[in-house]
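Structural overview
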Amino acid sequence: MKKAIIGKKVGMTQIFDEAGKVIPVTVIEAGPCVVVQKKTEDKEGYSSVQLGYEDIAERKLSQPEKGHLAKAGVEPKKYLREFRLDDAAEMNVGDVLKADVFAEGDKVDVTGISKGKGYQGVIKRWGAQRTPTSHGGGPVHRHAGSMGSGTDPSRIFKGKIGAGHMGSEQVTVQNLDIVKVDAELNMLVIRGAIPGPKGGLVCIKSTSKVNPERKGPGAAISLNPQKASGRNPQKASARTR
């Protein structure tokens, strides 16, 4: 079933599993979120809910935002996000979603705004190479260099790499698994890294990836070719699983 919630990134840490192996995790303060609006097939043509997150002073909202929240009868909220959920038709305005909508082992996609890096050159932004550093190269070793012919087409094609603003983009990391859920602390602990700085807003929803199920004697062998058991199933690491 498709589930979703809004939260804030607290930071990264590490925990140990039952086997004593270290797991790098990200802690997220997830919810509580209030259903602010409900959309239906009859009226809007699709089924979804709009969730509100984090209380805010009413004076900081615009008049349309105040009217929208007053119509729903909920407290002023700073962030509003819409999600298409499987059970959206069963939800009602005013319902509260907490971190326990997810359970340990669930696979999720996390969306956030990546850290801003400011104005950066082509080497840091795109991984371009330097110009030759000998025979009079001059002070231009980190410049972009030639961008194309001057006569024809006499212009730069769209999409050409160059210096510019780096970061501050919406990024989604898919197929992360939830390691721990604490409803009392509104806490989700997710394996791996997620986009954004500490305190950044993130949206957590059930993953859109379909994980293949493998059966038989090779079921424990990794599908990832970067792992030893994926490259060579005869390795000891694959046989002992």
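Predicted, not measured: the structure shown is a model, and the values here were computed from it.

Here we come to the overall build of the protein chain. Along the backbone of the protein chain there are four helices and twelve strands. Put simply, the protein chain has 241 residues, and 32% of those count as buried. Of the contacts formed within the protein chain by residues at least 6 apart in sequence, a portion of 68% connects residues at least 24 apart. Accessible surface computed for the protein chain: about 15,500 Å², of which carbon and sulfur atoms make up 49%.

The next point concerns a positive patch on the surface. On the surface, a cluster of positive charge is contributed by Lys115, Lys117, Lys124 and Lys198. Since its relative accessible area comes to 69%, Lys198 is described here as exposed.

With antiparallel pairing, four strands are arranged side by side in an open sheet as 5-4-3-6. Only two strands of the sheet have a single neighbouring strand rather than two, namely strand 5 (77–83) and strand 6 (96–97). Sheet topology places strand 3 (residues 33–39) next to strand 4 (residues 48–55); six bridges connect them, and they run antiparallel. Among the inter-strand pairings, Val34 is bridged to a residue of strand 4, identified as Gly52. Most of the contacts of helix 1 (residues 63–72) go to strand 3, to which it runs at about 90 degrees, and overall it touches strand 3, strand 4 and strand 5.

Right, let's get into the nonpolar core. Nonpolar side chains in soluble globular proteins tend to be buried together. Counting residues in each nonpolar core, the largest one holds 29 residues, and the members touching the most others are Ile28, Leu51, Val108, Val110, Leu188, Ile190 and Ile204. Counting residues per element, this core draws most heavily on strand 12 (residues 201–206), at four residues. For Val108, the residues in contact, after removing those within four places along its chain, are Phe102, Val173, Gln174, Asn175, Leu176, Ile178, Ile190, Ile204, Lys205, Ser206 and Thr207.

Summed over the entire model, instances satisfying the criterion amount to one aromatic pair. Relative to Tyr79, the ring of Tyr53 lies with its centre 6.4 Å away and its plane at 25 degrees, an arrangement referred to as stacked. Here Tyr53 is found in strand 4, whereas its partner Tyr79 is found in strand 5, with 26 residues between them in sequence. Side by side, Tyr53 and Tyr79 carry an identical accessibility label, which is buried. Above the face of the Tyr46 ring, Arg84 is positioned so that its terminal group lies 4.1 Å from the ring centre.

Right, let's talk about the confidence of the model for the protein chain for a bit. On average, residues of the protein chain score 85 in pLDDT, and 87% of them are at 70 or above. Across the protein chain, element-level confidence peaks in strand 8 (residues 118–120) with a mean pLDDT of 95 and bottoms out in helix 4 (residues 236–239) with 51.

This next bit is on the side chain of Lys77. Structurally, Lys77 is set in strand 5. One polar contact links Lys77 to Asp55, side chain to side chain, over a distance of 2.6 Å. Beyond its immediate stretch of four places on either side in the chain, Lys77 contacts Val34, Gly52, Tyr53, Glu54, Asp55, Ile56, Leu61 and Leu69.

A few words now on the pattern of salt bridges. Inspection of every chain in the model, using the stated rule, returns five salt bridges. Among the salt bridges present, the one from Lys77 reaches Asp55, with a minimum N-O distance of 2.6 Å. A residue pair is termed long-range when its members are at least 10 positions apart, and Lys77 in strand 5 and Asp55 in strand 4 qualify at 22 residues.

Counted by the stated rule, this structure contains zero disulfides. Free cysteine: Cys33, not disulfide-bonded; nearest cysteine sulfur from Cys203 at 8.6 Å. Given a relative accessible area of 14%, Cys203 falls into the buried group.

What counts as what
Residues numbered from 1 in each chain as written. Predicted model: local features only at pLDDT ≥ 70, side-chain atom pairs only at ≥ 80, totals over all residues. Heavy atoms only, no water. Helix = DSSP H or I, 4+ residues; strand = E, 2+ residues; numbered from the N terminus. Buried < 20%, exposed > 50% of the residue type's maximum accessible area, 1.4 Å probe, protein only. Contact = heavy atoms within 4.5 Å. Areas by Shrake-Rupley, 256 points an atom, 1.4 Å probe, with all protein chains shown as cover. Patch = residues over 30% accessible without salt bridge, like charges linked within 9 Å, V, L, I, M, F, W, Y side chains within 5 Å. Salt bridge = Lys/Arg side-chain N within 4 Å of Asp/Glu carboxyl O. Lys, Arg positive; Asp, Glu negative; His and termini not counted. Charge placed at Lys NZ, Arg CZ, Asp CG, Glu CD. Pairing = 2+ DSSP bridges. Axes fitted to C-alpha atoms, helices over the stretch in contact; angles between N-to-C directions. Core = buried A, V, L, I, M, F, W, Y, C linked by side-chain atoms within 4.5 Å. Phe/Tyr/Trp six-rings, centres within 6.5 Å; stacked < 30°, edge-to-face > 60°. Lys NZ or Arg CZ within 6 Å of the ring centre and 35° of its normal. pLDDT = per-residue confidence, 0-100. Polar contact = N/O pair within 3.5 Å; in protein donor to acceptor, adjacent residues only side chain to side chain. Disulfide = S-S within 2.5 Å.

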